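# A closer look at the structure
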Amino acid sequence: MPKYVFSFRVPSGYAPDAGTPAEWQAWFAGLGPALADVGNAVTGYASLGEVGGSGSRMVAYSVVSADDMDSALALAKDCPVLRVGGGVEVGPVMEAAAS
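This report concerns the structure included in the present document. (Residues numbered from 1 in each chain as written. Predicted model: local features only at pLDDT ≥ 70, side-chain atom pairs only at ≥ 80, totals over all residues. Heavy atoms only, no water.)

## Here's the deal with the overall build of the chain
Each helix and strand in the chain was counted, giving two helices and four strands. Secondary structure elements in the chain, listed N-terminal to C-terminal, are β-α-β-β-α-β. Against the compact-globule benchmark of 13 Å for 99 residues, the chain has a radius of gyration of 14 Å, which places it among compact chains. In terms of overall dimensions, the chain has C-alpha extents of about 40 × 35 × 25 Å along its principal axes. Considering the chain as a whole, with its 99 residues, one finds that 28% of them fall into the buried category. Total accessible area on the chain stands at roughly 6200 Å², and carbon and sulfur atoms take up 57% of it. For the chain, the centre of its 5 positive side-chain charges and the centre of its 10 negative side-chain charges are spaced 5 Å apart. (Helix = DSSP H or I, 4+ residues; strand = E, 2+ residues; numbered from the N terminus. Rg over C-alpha atoms; globule rule 2.2 N^0.38 Å. Buried < 20%, exposed > 50% of the residue type's maximum accessible area, 1.4 Å probe, protein only. Areas by Shrake-Rupley, 256 points an atom, 1.4 Å probe, with all protein chains shown as cover. Lys, Arg positive; Asp, Glu negative; His and termini not counted. Charge placed at Lys NZ, Arg CZ, Asp CG, Glu CD.)

Here it is in structure tokens:
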């Protein structure tokens with residue numbers, strides 16, 4: 001099954017509150033077996049070129065398995081980052097051929 005990376009972005013002034021970890025844990029649990037790699041938080045960031053518009057920053061990534069882009073987007077639609085004015089960038093993972 002194809003894999004898709006979710007890049008989680010928040011407004012640049014965002015700060016999590018005490019309930020944020022539990023909200024994310026519940027969302028990840030709801031993804032069930034589609035969650036291929038929970039990923040990691042990003043503790044710092046820099047960017048080059050055009051990146052998702054100004055005023056936002058990447059905070060984490062995850063990898064999911066989905067049949068197609070529409071299915072991946074459906075998995076992302078309830079992401080907690082959307083409730084704080086952030087967004088989820090979704091893209092297919094291109095498997096590199098072993099040399």
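## Some words on the sheet that holds strand β3 (residues 56–65)
In a beta sheet, neighbouring strands pair by backbone hydrogen bonds and run either parallel or antiparallel. Strand order across the open sheet formed by four strands is β2-β3-β1-β4, with antiparallel pairing between neighbours. In this open sheet, the two edge strands, each paired with only one partner strand, are β2 (35–41) and β4 (87–92). The average angle at which neighbouring strand axes cross in this sheet is 20°, direction not considered. Bridge analysis of strand β1 (residues 3–11) against β3 gives nine bridges, and the strand direction is antiparallel. Of the residues in β3, the one forming a bridge with phenylalanine 6 is serine 62. Sheet contacts for helix α2 (residues 69–76): β1, β3 and β4; angle to β4, the most-contacted strand, approximately 155°. (Pairing = 2+ DSSP bridges. Axes fitted to C-alpha atoms, helices over the stretch in contact; angles between N-to-C directions. Contact = heavy atoms within 4.5 Å.)

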